[in-house]
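Coordinate inspection notes
Residues per chain are reported as follows:
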Amino acid sequence: VEKKPTIRIAFSQCVGSDAWRQTMLEEMRRELSFHPDVEFIYRDADNSNERQIEQLHELRSMRPDLIIVSPNEAEPLTPVVDQIFQHGIPVIVTDRKTSSGLYHAYVGADNYEIGYMAGQYLARRLGYVGTISEITGLPGSSATIERQRGFHEALKSYAGIRLKTQINGQWLIDVAKRRAAQQMADLSQSDAIFAYNDQMGFGTYQALRKAALKHPIKIVGVDALPGDNNGLQFVSEKVLDASMLYPTGGKECIQTAMAILTGQPYQRENTLSTLVVDSSNVQLMKLQTDKIISQQADIDKQQGLFAEQQQIFSNQQRVLNILVVS
Ligand code: FRU
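Going along each chain's sequence as written, the residues are numbered from 1 onward. Per-residue local features are limited, in this predicted model, to residues with pLDDT of at least 70; the limit for side-chain atom pairs, both in listing and counting, is 80 or more; totals at the level of whole chains, interfaces and linings are taken over all residues. Note that the side-chain values use all heavy atoms of the structure and ignore hydrogens as well as water.

**Some remarks on the environment of Ala154**
Secondary structure is summarised from DSSP: a helix means a run of H or I of at least four residues, a strand means a run of E of at least two, and numbering begins at the N terminus for each. For Ala154, the location among the structural elements is in helix 5 (residues 142-156). Note on exposure labels: buried denotes an accessible area under 20% of the residue type's maximum, exposed denotes more than 50%, and partly exposed covers the range between, all computed with a 1.4 Å probe on protein chains only. The exposure class assigned to Ala154 is buried, which follows from its relative accessible area of 1%. A C-alpha to C-alpha distance of 8.0 Å links Ala154 and Gly115, two positions 39 residues apart in sequence. Once you skip the residues sitting within four places of it in the chain, Ala154 turns out to touch Tyr116, Gly119 and Gln120. Here, two residues are considered to be in contact whenever any of their heavy atoms come within 4.5 Å of each other.

Structure (structure tokens):
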């Protein structure tokens, strides 16, 4: 029997353990299940630039047909991603970027716009007067840099809004919680906080509660992920005032990869849409995401059944072949 040539797609993820990135991976795998001829190679750098650089060198030497990468921090990851690109291996950059812009396609929401929307939202919620602090992600991640540019740009239009303090939460709930507690003196003088993701927003919320402040501080996050202990739940329970939706784009990454590999037209910039989720629309969002999750579970079940049928069919074929030959 002639075997179909296999396409190999490699994915270098900056960190794989959080819910947002697990959702991204699930989306990729679901889309990949429509392409049984694709072999998927996955590496998780666990938040480390050095580790991701090593893994990308390893992936490059395996010469896959295409590499998808979400670079932990832009500057340190740029040389290796550029090398891969210059080697002629198609590169899709997703969520975070390198600093050179050498890629075949980018998939992700516009982080500048997300920061801008957060700024406008908070200014309005404060009645255009007050102080705001920031809990940022890793300072070298393009998502931090762009969210911050957008956020500061938006606030420039409001003379009554001042920035108070800035804490590097490294994208992590525990770091945000610890540093928020350490800098409570400054933080407690803010009227609102922009946390660059919902998890850090939740960590900050826990630190604020522990400090038992007299006045409420509004917290806005980013991601608006469905599921337990994620953004949609935080907004619906009023732990967060709002969250800027940040789609993971797993499905779009695989679709773009397949378009590139099969010579179909594709876009270089694939900008995923975003919106503000707050008390006015969070229930609707929850309803819709619950429905999508249950439909996806149905698709997974159908695919499982289909795979079983295929197995039975190929067993029967084998038996038939044996019978015919003998
Ligand atoms: C997940 C995450 C998200 C955030 C994104 C930024 O690892 O921290 O919460 O929106 O990365 O790149």
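Back to the write-up after that little detour.
**Observations regarding the sheet that holds strand 3 (residues 66-70)**
Across the sheet, which stays open at both edges, the 6 strands sit in the order 2-1-3-4-5-11 with parallel pairing between neighbours. With one partner strand each, in any of the chains shown, strand 2 (38-44) and strand 11 (269-272) form the two edges of the open sheet. Adjacent strand axes in the sheet meet at a mean angle of 15°, parallel and antiparallel pairs treated alike. Bridge count between strand 1 (residues 7-13) and strand 3: 5 bridges; the pairing is parallel. Residue pairing across strands places Ile9 opposite Leu66, the latter belonging to strand 3. The pairing criterion is simple: DSSP has to find at least two bridges between the two strands. Under this scheme, a helix contributes an axis fitted over its contacting stretch, all axes are lines through C-alpha atoms, and angles between N-to-C directions fall in the 0 to 180 degree range.

**Some thoughts on the side chain of Thr98**
As for its position among the elements, Thr98 is in the loop between strand 4 (91-94) and strand 5 (105-109). The buried category is assigned to Thr98, whose relative accessible area is 9%. Non-local contacts of Thr98, meaning those with residues more than four positions away in its chain, are made with Pro71, Ala74, Leu77, Thr78 and Val81.

**Points about helix 8 (residues 198-211)**
Side chains of residues three or four places apart in an α-helix project in the same direction, reflecting 3.6 residues per turn. Each residue after the first adds 1.5 Å to the expected span of a helix. The first and last C-alpha atoms of helix 8 sit 20 Å apart over 14 residues, in line with the 20 Å expected at 1.5 Å per residue. Those residues of helix 8 that fall on the buried side of the exposure criterion are Asp198, Met200, Gly201, Phe202, Gly203, Thr204, Ala207 and Leu208. A side-chain oxygen of the first residue of helix 8 lies 3.3 Å from the backbone nitrogen of Gln199; this N-cap is Asn197. Just beyond helix 8, the residue with positive phi is Ala212, at close to 45°. Pairs of N or O atoms within 3.5 Å make up the polar contacts considered here, provided that, within protein, one atom can donate a hydrogen while the other can accept it, and that residues adjacent in sequence are counted only when both atoms are side-chain atoms.

**Re the nonpolar core**
Throughout, nonpolar core names a set of buried Ala, Val, Leu, Ile, Met, Phe, Trp, Tyr and Cys residues whose side chains join them through atoms within 4.5 Å. Judged by nonpolar contacts, the single largest core of 85 residues is most densely connected at Ile9, Leu56 and Ile68. Tallying contributions element by element places helix 4 (residues 111-125) first for this core, with 6 residues. Not counting residues within four places of it along the chain, the set of residues in contact with Ile9 comprises Val38, Glu39, Phe40, Ile41, Leu66, Ile68, Ala257, Met258 and Leu261.

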